[in-house]
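Okay, here's what each chain looks like letter by letter:
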Amino acid sequence: MDLFKTYKLWPIEPVKGLGCKVWDKEGIEYLDLYGGHAVISVGHCHPKYVAALTSQAGRLGFYSNAVENSLQVTLADKLGRSCGYPDYQLFLCNSGAEANENAMKLASFATGRSKILACSKAFHGRTSGAVAVTDNPKIQSPFNKTGNVEFIALNDTEALEAKLSAREFAAVIIEGIQGVAGIYEPSADFLQAARTACDATGTLLIMDEVQSGYGRTGRFYAHQQHGIKADIISMAKGMGNGFPIGAIIISPAIEASYGMLGTTFGGNHLACAAAIAVLDIMKEEALMDNAAKLGDYLMRKLQGNKAVKDLRGRGLMIGIELNPGFETLRDRLLFEKHIFTGGAGANVIRLLPPLCITEAQADIFLEAFNDLTA
Ligand SMILES: Cc1ncc(COP(=O)(O)O)c(C=O)c1O
């Protein structure tokens, strides 16, 4: 059997990792400033994480959501205390798209409304509902196109207020920072206006923190720097440091009813053990502070480079928009300097490293970047 060829592959196979480094089959060492797409939060193969997963795998890997699972309760308690939403409710699933599906379905149940308002250039995932609020017709099949979704430009406060005033929308969904689009931040004014308009019209505010959450920007969730609270927050990626897990946290004002949401694998024992270990390591190693500090450092040092047209983002979610002529830079970083970075189109490099990156590792990247753009 052949693989379904839907990914464009680099001819490299990482087979081993540690912290911010990975090694390929030939033993070549790479600096990982991509984190497998913002997934590696506490670092590859962190010994505490490996121990937690190994020990859970040797005890009980899985049982269904038909029985009690105290690992889920422990995870909810630790997450609530870490993330600044201690009174919210946790629903566990398996991925970012699934988290957004559940967030929107729940908003529709709670309000009795069927429409969702989303932002242009947004990416919320590839399952049916998530792709419908993703502003990219190329990844929407005819089956996914729906009249229930409308788009406004990110940061267009007037359009947002006008749309919500009709009281037809169950929710507005906004990324904490738009990642796939190339690192664009919602402004404080826009988010504050969204909060006010949602309250005035009975609409729920969903923040998609799948990429920008879990400490990556120096706050637990990116939207928290703007002093607003969301009704439902979706997360995944960094939550399991590579073990598939996603979640939504839900305002106490929204009531659950039996059977409303569900999943076979969501919240399984191995996923919870991974997610608990991640939160413990983040706290013990102050990784959120490290993300803020190293993010500022990288931004400061990248200023003024002639290849850089614009620098965007916060913490360790950085978009480097490149001037014309530097389109091959991401490939050159990988093949000549052995540094993985993310991309967004041909002219934006995205830095999404593990939150444990050190200043010395940031310097290796900066030296390589300066060398290739000299
Ligand atoms: C903001 C955002 N939401 C949702 C998703 C979808 O997550 P997943 O691929 O885990 O379904 C992504 C993935 O890149 C994302 O960046």
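Numbering of residues starts from 1 in each chain and follows the order in which that chain's sequence is written. Reporting in this predicted model follows two pLDDT cut-offs: at least 70 for local features of residues, and 80 or more for side-chain atom pairs to be given and counted; totals over whole chains, interfaces and linings ignore these cut-offs and use all residues.

A. Here's a closer look at the packing of helix H9 (residues 287-302) against helix H11 (residues 359-373). Helix axes are fitted to C-alpha atoms over the stretch in contact, other axes to C-alpha atoms as well, and angles between N-to-C directions run from 0 to 180 degrees. Secondary structure counts use DSSP, requiring at least four H or I residues in a row for a helix and at least two E residues in a row for a strand, with both numbered from the N terminus. In the contact formed by H9 and H11, the axes pass within 11 Å of each other and the chain directions differ by 25°. Our classification of the angle between H9 and H11 gives roughly parallel. Of the two elements, H9 crosses H11, and the hand of that crossing is right-handed. Contacts between H9 and H11 involve Leu 294, Tyr 297, Leu 298 and Lys 301 on the former and, on the latter, Glu 359, Ala 362 and Leu 366. Working rule for angles: under 35 degrees goes down as roughly parallel, over 145 as roughly antiparallel, 65 to 115 as roughly perpendicular, anything else as oblique. Helix crossings are classified by the rotation of the near helix relative to the far one: an anticlockwise turn of less than a right angle makes the crossing left-handed, while a clockwise turn makes it right-handed. By definition, residues are in contact whenever their C-beta atoms, placed on the basis of the backbone, come within 7 Å of each other.

B. Structural detail: the site of the ligand. By convention here, the C-beta atom is placed from the backbone, and a residue is near a molecule or strand when that atom is within 6 Å of it. Not every one of the 14 residues close to the ligand is listed here, only the nearest: Ser 95, Gly 96, Ala 97, Gly 125 and Val 210. Considering each element in turn, the shell around the ligand owes the most residues, 3 residues, to helix H4 (residues 96-111). Each residue gets one of three labels, nonpolar for Ala, Val, Leu, Ile, Met, Phe, Trp, Tyr, Cys and Pro, charged for Asp, Glu, Lys and Arg, and polar for the others, Gly among them. Here the residues of the shell around the ligand are counted per class, giving 5 nonpolar, 7 polar and 2 charged.

C. Representation of the sheet that holds strand E3 (residues 29-32) within the structure. One open sheet accounts for 4 strands, arranged E1-E2-E3-E13; its pairing is mixed. At either margin of the open sheet sits one strand with a lone partner, and together these are strand E1 (14-18) and strand E13 (339-340). At least two bridges found by DSSP between two strands are what make those strands a pair. Sheet topology places strand E2 (residues 21-24) next to E3; 3 bridges connect them, and they run antiparallel. The partner of Trp 23 across the bridge, within E3, is Glu 29.

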